[in-house]
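Survey of secondary and tertiary structure
As a plain string of letters, each chain reads:
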Amino acid sequence: MDPADEQGFREFVSARSPALMRLGFMLSGGDQHAAEDLVQAALAKLAARWRQVDAPEAYVRQIMYRQQVTWWRAIGRRGEVIQAEPPDRPGADGTHQSDLRMVLRAALARLTPRQRAVLVLRYFEDLPEDRIAAMLSCSVGTVRSTTFRSLARLRQIAPELAAELEVTT
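Now for a look at the structure at hand. (Residues numbered from 1 in each chain as written. Predicted model: local features only at pLDDT ≥ 70, side-chain atom pairs only at ≥ 80, totals over all residues. Heavy atoms only, no water.)

Turning to the overall build of the chain, a few remarks are in order. Regarding its fold elements, the chain presents eight helices and zero strands. Ordered by position in the sequence, the α and β elements of the chain form the string α-α-α-α-α-α-α-α. Per-residue burial for the chain yields a buried fraction of 38% across its 169 residues. Contacts in the chain between residues far apart in sequence, at least 24 positions, make up 64% of those at least 6 positions apart. About 9800 Å² of surface is accessible on the chain, with carbon and sulfur atoms providing 52% of the total. (Helix = DSSP H or I, 4+ residues; strand = E, 2+ residues; numbered from the N terminus. Buried < 20%, exposed > 50% of the residue type's maximum accessible area, 1.4 Å probe, protein only. Contact = heavy atoms within 4.5 Å. Areas by Shrake-Rupley, 256 points an atom, 1.4 Å probe, with all protein chains shown as cover.)

In the Ramachandran plot, D126 falls in the positive-phi region, its phi being about 55 degrees despite a non-glycine side chain. Looking at where D126 falls in the secondary structure, it is placed in the loop between α5 (113-124) and α6 (129-136). For D126, a relative accessible area of 61% puts it in the exposed group. Of note in this structure, S137 is not a glycine but carries a positive phi near 55 degrees. Looking at the secondary structure, you find S137 in the loop between α6 and α7 (140-157). With a relative accessible area of 57%, S137 lands in the exposed category.

Next up on the list: α7. Taking 1.5 Å as the rise per residue, α7 with 18 residues should run 26 Å; its terminal C-alpha atoms sit 25 Å apart, in good agreement. For α7, the set of buried residues is V143, T146, T147, S150, L151, R153, L154 and I157. Angular distribution of buried residues about the axis of α7 spans 160 degrees; they occupy a single face of the element. In α7, those exposed residues whose orientation departs by more than 90 degrees from the buried face are F148, R149 and Q156. (Expected span 1.5 Å × (residues − 1). Arc of directions from axis to C-beta.)

As structure tokens, then:
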């Protein structure tokens, strides 16, 4: 990589790392170390093809989605991750949104990797079902049924999110 390309890559990483870490955090179910690994792996692949890539943001996000799918396929089906109970219902002390984020993060961590990926792509990234199906190498029907089951599971895991989930469906 010549100095100009290296400088461009460094600027991209500096500017987009926080957003990529948030995406990695969501895709990994709230596991900070897995999110860092995901972003690092994606940026390493981007660096190798930096000159050929016209849209680095889209390219690195695509790498992250595919890498996460590859990792959870390699792990295979595993049971739920047992975690502490989510916090009590939000109080009237102005921390409602923070409480909801904590509950959502804990609930997402209890979903399967595929369920989490579908929900993140559908609602966080706001992608259409056909694009999600292509990214995850499955049918549109699988995306729809996984979305339905994932939302139902979230309602079961964290009933305090039910009102928030009704807005999205």
